[in-house]
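# Residue-level structural notes
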Amino acid sequence: MRLRNIKGAKEAVAGSPCCIPMPQELKGLWHTVFLNEHPIHIEIGMGKGQFITTLARENPQINYIGIERYESVLIRALAKTTEQPLDNLKFICMDAREICDVFAPNEVNRIYLNFSDPWPKDRHAKRRLTSGAFLALYGQILSPDGHIEFKTDNRGLFDFSLEEIPKAGWRIDAYTLDLHQDPSMNKGNILTEYEEKFSAMGNPIFKLTASRAKTGSLV
């Protein structure tokens, strides 16, 4: 995906109190940032931040960390928090492959993956955020009862995920091929910017939740 470079984005991200400049130094110490022992939920590839910002406003009893690789995208999320800063929300500009350098074992309670890049070519499969390679990383930082939530409008990526997740030793706890028509899984759903766009076009939204498990799977 080619992104337009936004002048001043790097400086704005570096100077924002909402962004953590050296997250590796906080591995195992994230509760000292939030000054409480609340659960930590992270979103990997948060885009413009509508999803995680809304969650943080609605759930002050949970600490949220949004991870985005590109400053030119992250700056859009910063704009959403400028007027109403949230004590339970922080951002990190980094590559998702570095999460084990940033979070300690069992430090994260939930991981959100929303409308990730599908990387459609087979040779790029390991770059998909639901690949076995990334699931191995998630398993290192999630608490024993933690889980991931994944949404996409890309059927190819979703089918890949349904196959890849059990192969990696995880359990698919629930899934739907039409989230907005599924009363159970759509309950409390927070829309992302992409979700609003794709839904308006009539595209079904796919969602699954998964957790680590020794035995059993829905697929």
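See the structure shown above.
The notes below deal with the structure included here. (Residues numbered from 1 in each chain as written. Predicted model: local features only at pLDDT ≥ 70, side-chain atom pairs only at ≥ 80, totals over all residues. Heavy atoms only, no water.)

The subject of this paragraph is the overall build of the protein chain. Scanning the protein chain for helices and strands turns up 9 helices and 7 strands. For the protein chain, the C-alpha radius of gyration of 17 Å lies close to 17 Å, the compact-globule estimate for 219 residues. Dimensions of the protein chain, computed from C-alpha atoms along their principal axes, come out at roughly 45 × 40 × 35 Å. Looking at the protein chain as a whole, 48% of its 219 residues qualify as buried. Look at the contacts in the protein chain between residues 6 or more apart in sequence, and 76% of them connect residues 24 or more apart. Total accessible area on the protein chain stands at roughly 11400 Å², and carbon and sulfur atoms take up 51% of it. With 27 positive and 27 negative side-chain charges, the protein chain shows a separation of 5 Å between the mean positions of the two kinds. (Helix = DSSP H or I, 4+ residues; strand = E, 2+ residues; numbered from the N terminus. Rg over C-alpha atoms; globule rule 2.2 N^0.38 Å. Buried < 20%, exposed > 50% of the residue type's maximum accessible area, 1.4 Å probe, protein only. Contact = heavy atoms within 4.5 Å. Areas by Shrake-Rupley, 256 points an atom, 1.4 Å probe, with all protein chains shown as cover. Lys, Arg positive; Asp, Glu negative; His and termini not counted. Charge placed at Lys NZ, Arg CZ, Asp CG, Glu CD.)

With that settled, the discussion passes to the pairing of strand 5 (residues 142-152). The element strand 5 is extensively covered by neighbouring structure, given that 9 of its 11 residues are classed as buried. Two strands pair when backbone bridges link them, and strand 4 (residues 108-114) and strand 5 are joined in this way by 6 bridges, in the parallel orientation. Paired with Tyr112 across the two strands is Glu149, which belongs to strand 5. A crossover connection joins strand 4 to the parallel strand 5 through helix 6 (residues 132-141); in handedness this β-α-β unit is right-handed. Here strand 5 pairs with strand 7 (residues 206-212) via 6 bridges, running antiparallel. Pairing of Lys151 across the sheet is with Lys207, part of strand 7. (Pairing = 2+ DSSP bridges. Right-handed = clockwise from strand over helix to strand, strands pointing away.)

Another aspect to go through is the packing of aromatic side chains. Scanning the model with the defined rule gives 7 aromatic pairs in all. Here Tyr194 and Phe198 contribute two aromatic rings whose centre-to-centre distance is 5.8 Å and whose plane-to-plane angle is 10 degrees, an arrangement assigned as stacked. Of this pair, Tyr194 and Phe198 both sit in helix 9 (residues 193-200), 4 residues apart, which is roughly one turn of the helix. Three or more aromatic residues joined by ring pairs make a cluster, and in this case those are Phe115, Tyr194 and Phe198. In this structure, Arg128 is placed above the aromatic ring of Phe160, and the distance from its NZ or CZ to the ring centre is 4.5 Å. (Phe/Tyr/Trp six-rings, centres within 6.5 Å; stacked < 30°, edge-to-face > 60°. Lys NZ or Arg CZ within 6 Å of the ring centre and 35° of its normal.)

So, on to unusual backbone geometry. Backbone phi values are negative for most residues with the exception of glycine, while trans is the configuration of most peptide bonds. If you check the backbone angles, Asn106 has positive phi at about 70 degrees while not being a glycine. Assignment of secondary structure puts Asn106 in the loop between helix 5 (99-102) and strand 4. Note on Asn106: relative accessible area 46%, which makes it partly exposed. Although it is not a glycine, Phe115 sits at a positive phi angle of roughly 50 degrees. Counting through the fold element by element, Phe115 comes out in the loop between strand 4 and helix 6.

Turning next to the sheet that holds strand 2 (residues 63-68). With mixed pairing, the 7 strands of this open sheet are ordered in space as 3-2-1-4-5-7-6. Because the sheet does not close on itself, it has two edges, and the strands there are strand 3 (89-93) and strand 6 (170-176). Taken pair by pair, the neighbouring strands of this sheet meet at an average axis angle of 20 degrees, ignoring direction. Pairing geometry for strand 1 (residues 40-44) and strand 2, over 5 bridges, is parallel. Bridged to Ile40 within strand 2 is Asn63. (Axes fitted to C-alpha atoms, helices over the stretch in contact; angles between N-to-C directions.)

Turning to the pattern of salt bridges, a few remarks are in order. Here the structure, examined in full by the defined rule, presents 9 salt bridges. A salt bridge links Lys207 to Glu149, with the nearest nitrogen and oxygen atoms 3.4 Å apart. Here Lys207, found in strand 7, pairs with Glu149, found in strand 5; they are 58 residues apart in sequence, far enough to count as distant. This pair shows no difference in class: Lys207 is buried, exactly as Glu149 is. A salt bridge links Asp159 to Arg155, with the nearest nitrogen and oxygen atoms 2.9 Å apart. Of this pair, Asp159 and Arg155 both sit in helix 7 (residues 155-167), separated by 4 residues, roughly a single helical turn. (Salt bridge = Lys/Arg side-chain N within 4 Å of Asp/Glu carboxyl O.)

Trp30, Ile42, Ile44, Ile99, Phe103, Ile111 and Tyr138 are the most contacted members of the largest nonpolar core, which totals 38 residues. Those residues in contact with Tyr138 that sit more than four places away from it in its chain are Ile44, Ile99, Ile111, Leu113, Leu129, Ile148 and Trp170. If you look at the next biggest cluster of nonpolar residues, it comprises 18 residues, including Ala56, Ala77, Leu78 and Phe91. (Core = buried A, V, L, I, M, F, W, Y, C linked by side-chain atoms within 4.5 Å.)

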